[in-house]
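Results of the structural survey
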Amino acid sequence: MSSQIKRPIYVTQPFLPPLEEFLPYLEKIWSNKILTNNGPFHEQLEQALCEYLGVKHVALFTNGTIALVTALQSLRITGEVITTPYSFVATSHALLWNGIKPVFVDINPNTLNLDPEKIEAAITPQTTAIMPVHCYGYPCDVQAIQKIADNYNLRVVYDAAHAFGVEDATGSILQHGDLSVLSFHATKVFNTFEGGAIVCPDAKTKQRIDHLKNFGFLGETNVVAPGINGKMSEFNAALGLLQLKYIDKALARRKEIDIAYRVGLKDIRGIDCLNDSGEKVANHAYFPILVGEDYPISRDDLYQKLKEKNIHPRRYFYPLISEFSMYRGLPSAHRENLPVATTAAQQVLCLPIYPDLDMSIVDEIIHFITAQ
Ligand SMILES: *Cc1c(COP(=O)(O)O)cnc(C)c1O
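Because the structure is a prediction, the values reported are computed rather than measured.

Cut-off values and rules
- Along each chain, the written sequence defines residue order, and numbers are assigned to residues from 1.
- Only residues with pLDDT of at least 70 are given local features in this predicted model, and only at 80 or more are side-chain atom pairs given and counted; all residues enter the totals for whole chains, interfaces and linings.
- Only hydrogens and water are set aside when side-chain values are computed; all heavy atoms of the structure are taken into account.
- Residue ranges assigned to each domain were obtained from an automatic or database domain assignment.
- Residue contacts are counted whenever heavy atoms from the two residues lie within 4.5 Å of one another.
- Accessible-area loss on putting two parts together, using a 1.4 Å probe and summing over both, is the definition of buried area adopted here.
- Salt-bridge detection follows one rule: a side-chain nitrogen of Lys or Arg within 4 Å of a carboxyl oxygen of Asp or Glu.
- Here a residue is near a molecule or strand as soon as one of its heavy atoms is found within 4 Å of it.
- Residue exposure ignores everything except the shown protein chains as possible cover, and the areas themselves are Shrake-Rupley values with a 1.4 Å probe.
- Numbering of helices and strands starts at the N terminus; helices are DSSP runs of H or I of at least 4 residues and strands are runs of E of at least 2.
- Three classes are used, and their members are as follows: Ala, Val, Leu, Ile, Met, Phe, Trp, Tyr, Cys and Pro are nonpolar, Asp, Glu, Lys and Arg are charged, and the others, Gly among them, are polar.
- Residues grouped as a nonpolar core are buried Ala, Val, Leu, Ile, Met, Phe, Trp, Tyr and Cys residues, joined through side-chain atoms within 4.5 Å.
- Burial here depends on accessible area, computed with a 1.4 Å probe over protein chains only, as a share of the maximum for the residue type. Under 20% is buried, over 50% is exposed, and the range in between is partly exposed.
- Should DSSP find at least two bridges between two strands, the strands are taken to pair.
- Each axis is a line fitted through C-alpha atoms, taken for helices only over the stretch in contact, and angles between the N-to-C directions span 0 to 180 degrees.
- Roughly parallel covers angles under 35 degrees, roughly antiparallel covers those over 145, roughly perpendicular covers 65 to 115, and oblique covers all other angles.
- In a left-handed crossing the near helix is turned counterclockwise from the far helix by less than a right angle, and in a right-handed crossing that turn is clockwise.

For the protein, the assigned domains read domain 1 (19–244) and domain 2 (247–370). For domain 1 and domain 2, the distance between their C-alpha centroids amounts to 24 Å. Each partner contributes residues to the interface: domain 1 has 42 residues there, and domain 2 has 37 residues. For the pair domain 1 and domain 2, the two sides together bury roughly 3300 Å², of which 65% comes from carbon and sulfur. Where domain 1 touches domain 2, the interface holds 0 salt bridges.

So, in structure tokens, the structure goes:
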């Protein structure tokens, strides 16, 4: 097979709408001179996202990390929070920004999400909440997690940065727990260049969140909390409105690529694709494979060889958060406490998947992995 790969193929490439379609939005901003602070595009995007996602309230943010920090602050979460080490570092950083101690609990080997069966053993009198991640957009076991939370009177904040548009049998996966947090970063399924949001179940919580993302201002003359500047600008909100027009097409393209990988890789010894975890609507945000011991070469050798071919997969999530020097000292960070996550981090490789990825390149990647 002759190589199609002339320029680097990264794990993802942001989707952008046609530039000329964005110009009318910019003209509006230039004429009304409203750049931020809950402007008209901001309001429209919050409304449009509620409708598209099938949720009650959305509070837009400048990025997902500030949204995570504010979500925890809005619920006044303190003490210890149970979370997964198998995620992007922003998950546990958001806890530290609130002065909360992260407690790492191992993941389920099939979904790579927080394992509900291991949560109870990690609960102490200081535990106030659980912060799971819908990793790769595969839903957590939301029912089991809620049951534990109810039994122990804990809050649940989902890091749903990967889970835009994902639905289970009851509808949006974002309706579970007390709050869910989205990221609209350039690398995510739905992007506003940078951006994020908190999905919340009631108007009162949204109002508190809206105060917190605006320095804690309550009205014009009073400040009631040490809030932050977390507001999404009109530029990003306008782009979000335009991106929404293309999201279904983008998701459909991702699905085609997902299917092609699954079919092409299914009979290769030592390569496992993650199965969906019962979602009704998936978003195919990532395409993780696990490179097991039966595969002829190691995960890292496969990673290097693909890079030499100008294909750049990513080892998400390696190293685990618990392996970073600043987290390593936590009692829950020991590898013996996290055997499943430790193995997953050694085996995982996320293959390129994005709407504009050419199917001939997908075929070439499959061919290359088959030929080792
Ligand atoms: C991307 C991401 C974040 C952070 O979102 P930003 O918008 O980049 O701040 C948080 N958690 C997870 C799991 C992510 O993948």
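There is more to say, and it comes next.
If you check the shell around the ligand, you find 14 residues, and the closest are Thr65, Asp159, His162, Ser183 and Lys188. Against a free-state accessible area of 380 Å², the protein chains account for coverage of 92% of the ligand. At the level of secondary structure, the elements contributing two or more residues to the shell around the ligand comprise helix 3 (64–74) and helix 4 (90–97). Along the lines of polarity and charge, the residues of the shell around the ligand split into 3 nonpolar, 9 polar and 2 charged.

What follows covers the nonpolar core. If you look at the biggest cluster of nonpolar residues, it comprises 79 residues, and the most contacted ones within it are Leu49, Tyr86 and Tyr136. The element best represented in this core is helix 7 (residues 234–265), accounting for 9 residues. Counting residues in each nonpolar core, the second largest holds 28 residues, with Ile5, Leu265, Ile297 and Ile365 among its members.

Before going further, it helps to spend a moment on the sheet that holds strand 2 (residues 57–61). Spatial strand order, 2-10-9-6-5-3-4: 7 strands in an open sheet with mixed pairing. Of all the strands in the sheet, the pair left with one neighbour each is strand 2 and strand 4 (101–104). Strand-to-strand twist in this sheet, taken as the mean axis angle between neighbours without regard to direction, amounts to 25°. By the bridge criterion, 2 bridges tie strand 5 (residues 127–131) to strand 6 (residues 155–159) in an arrangement that is parallel. Bridge pairing links Ala129 to Arg155 in strand 6. Helix 3 contacts strand 2, strand 5, strand 6, strand 9 (179–183) and strand 10 (196–200) of the sheet and is inclined by roughly 165° relative to strand 9.

Before going further, it helps to examine the packing of helix 3 against helix 6 (residues 203–212). Running from amino to carboxyl end, helix 3 crosses helix 6 at an angle of 125°, the nearest separation of the two axes being 10 Å. In terms of their interaxial angle, helix 3 and helix 6 are classed as oblique. Where helix 3 crosses over helix 6, the handedness of that crossing is right-handed. Contacts from Thr70, Gln73 and Ser74 of helix 3 reach helix 6 at Arg208, Ile209 and Leu212. Residue composition of the contact of helix 3 with helix 6, grouped by class: 2 nonpolar, 3 polar and 1 charged.

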